[in-house]
Amino acid sequence: MTTWHTFGDKARFAVQYRFVPDPHAGQAAAPAQSASWGAFRIWHRGENLCEHRAQGALHDSVTWHLLPLLQWLVENWDPLFHEQRFPEGVQVASARQGYMKAVKASLGDPDPVVEARAVAWQAWWQRHSLRACREGGLFPDLFIRRVLDYVELSWGNQELPGSPLAFYFTVPAASTYSPIPEIAEPLHRAMQAAIAELGQTAGDLPEVAALRNLFKALEATSSANRYRWYLSPPRPADDQKPDGLGWLQAKMEQAGKQAQSLLSGRDKPLYVEHLSPVVAMFGSLSPNIGARDADRLVTLALAAYEAAREPEALSSHVEDLPLSAARANYDEGYDLALDLLEDLGLPEPDSLWIDIAAVLNRLGIAIHEMAINDRGVRGVALAGGDVRPTIMLNTGHPMNATEAGRRFTLAHELCHILHDRGFGGHLSLASGPWAPHGIERRANAFAAMLLMPPQLVNRVLAGSSILEIGSLDGIKYLSNTLRTSLFATSEHLVNIGKLDEEDRDRIRTAILEGTGPKE
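Predicted, not measured: the structure shown is a model, and the values here were computed from it.

1. With respect to the overall build of the chain
Here comes step 1: When helices and strands are tallied, the chain shows 20 helices and 17 strands.
Here comes step 2: Within the chain, buried positions represent 51% of all 519 residues.
Here comes step 3: Counted over contacts in the chain with a minimum sequence separation of 6, partners at least 24 positions apart contribute 69%.
Here comes step 4: Total accessible area computed for the chain in this model is approximately 22,600 Å², and 51% of it derives from carbon and sulfur atoms.

Below you can see the structure in the form of structure tokens.
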């Protein structure tokens, strides 16, 4: 039996493959396909994502033609490691969840708009789902995409047409985030070895020769093309809209050489390991952002760059934390907020609310209010390197029309500044529907706990002997005292066990029906 070739660390990420003789002797496949008959395993954090059961038997690898898999990896290398955006702004935990949600939403709907969305999602699936290249093979239900400066792997167990009786992959559905080199480097080495080995046995076949040439071209791909995958969705060749990267480059040139670092990332021959600050910011905005909004945000980034300092009061609290696959996003957000409050000695003994503006001032974080037309953007966080930590409040966002909403946005963006910088230490993130859902959920939980820690909630409750927490008046009293919104307060009280869901739903109904304030 042919020896397995292993690339990477199984405890982190590894690929194994081997070629074996085609059991069908080429009767059911073209010569190049037949020559590539083999098996593969994908290991991640100690688990074999290819392990599956079929008809009661356990199998530790996937056996099939490997040529389509290698072709797909080469052809989609850049979108796999550089395309973060979905075809539309959706709030989902992972790439796989986004696709599954889109499929369910479009089934049986003949509306041309819905059909166009389905086509866009199908094209996106072709670039990010391993099953896009299965050509009849029983491949894992695995999705790969970039999220900020990480690679997200998400997998599940969607039923495959034509699969054997009782067929399923054994590893439970999950999603993880890993450093880009941790995934890309061993994968590339495995591809290199497999293509070279296939070339020795079938090198004169045109499909194999073409694959070899495409693979060699990967290292010659310009970083600019990879940035474009992050900034803009694919579009037809006759689309005359301005190129996002070209516009940014021109804008930076106008600003002078000093600002060029805002457009400079950490580029490797095979991938962009760390995005430049400005590219990262625009990648979390709508791809259809208007010229006026874009101009104002570049101006904001340049102003923050000119300040060129990271306050010592802030740096001691900064810790980049990729989302944990083992814990809920809100649990992480809660714990991070409680840790910060303890470090800062808050809440103060006699205080009934957290002064978030004073916290930001203490940490040396600037606050800028700015109106942009994209009402989906609640705020923007900038930090790291030569950039003064800055939070932009979009005064055009409806949630920022109230003091409670603005305070929540400031606390939300503080979480990004402290914990979402990536490996380069930079952060340029716009909070909204195009931002990664997991870090948005964590930042929301962080903001809720920072503004409403149990210690402070108990203090407010103890100050009123007649307060009924399960009533609209009780929630109103708490939210007014804590200076938080009714909706955020009621939801947070449920999460910390102070309010049951039935009372929460009844209070929300009263607010929506106009019998109570909505702030």
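2. Description of the side chain of Glu 83
Here comes step 1: Assignment of secondary structure puts Glu 83 in the loop between α3 (77-82) and α4 (95-106).
Here comes step 2: You can call Glu 83 buried: its relative accessible area is 4%.
Here comes step 3: Only 2.9 Å separates the side chain of Glu 83 from the side chain of Arg 127, close enough to count as a polar contact.
Here comes step 4: Within polar-contact distance, the side chain of Glu 83 engages the side chain of His 128 at 2.6 Å.

3. Focus: the pattern of salt bridges
Here comes step 1: In total, this model carries 17 salt bridges according to the counting rule given.
Here comes step 2: One salt bridge connects Lys 268 with Glu 273, and the closest N-O pair in it is separated by 2.9 Å.
Here comes step 3: What makes Lys 268 partly exposed here is its relative accessible area of 33%.
Here comes step 4: A salt bridge links Arg 442 to Asp 420; its shortest N-O distance comes to 2.5 Å. You can see Arg 442 sitting in helix α16 (residues 437-451) and its partner Asp 420 sitting in the loop between α15 (403-419) and β17 (427-431), a full 22 residues away along the chain. When sorted by exposure, Arg 442 lands in the same class as Asp 420, which is buried.

Cut-off values and rules
For every chain, the first residue of the written sequence is number 1, and numbering continues from 1 along that sequence. In view of the model being predicted, local features appear only for residues whose pLDDT reaches at least 70, and side-chain atom pairs are presented and counted only at 80 or more, with totals across whole chains, interfaces and linings using the full set of residues. Neither water nor hydrogens contribute to the side-chain values; these are computed over all heavy atoms in the structure. Put simply, DSSP marks the helices as runs of H or I at least four residues long and the strands as runs of E at least two long, and each gets a number from the N terminus on. Three labels apply to residues, based on accessible area from a 1.4 Å probe with only protein chains included: buried if under 20% of the type maximum, exposed if over 50%, partly exposed otherwise in between. Only heavy atoms matter for contacts: two residues are in contact if any of them lie within 4.5 Å across the pair. For the area figures, the Shrake-Rupley method with a 1.4 Å probe applies, and any residue is considered shielded solely by the protein chains shown. Side-chain atoms alone can form a polar contact between residues adjacent in sequence; in general such a contact is a pair of N or O atoms within 3.5 Å, and within protein one must be able to donate a hydrogen while the other accepts it. We define a salt bridge as a side-chain nitrogen of Lys or Arg found within 4 Å of a carboxyl oxygen belonging to Asp or Glu.

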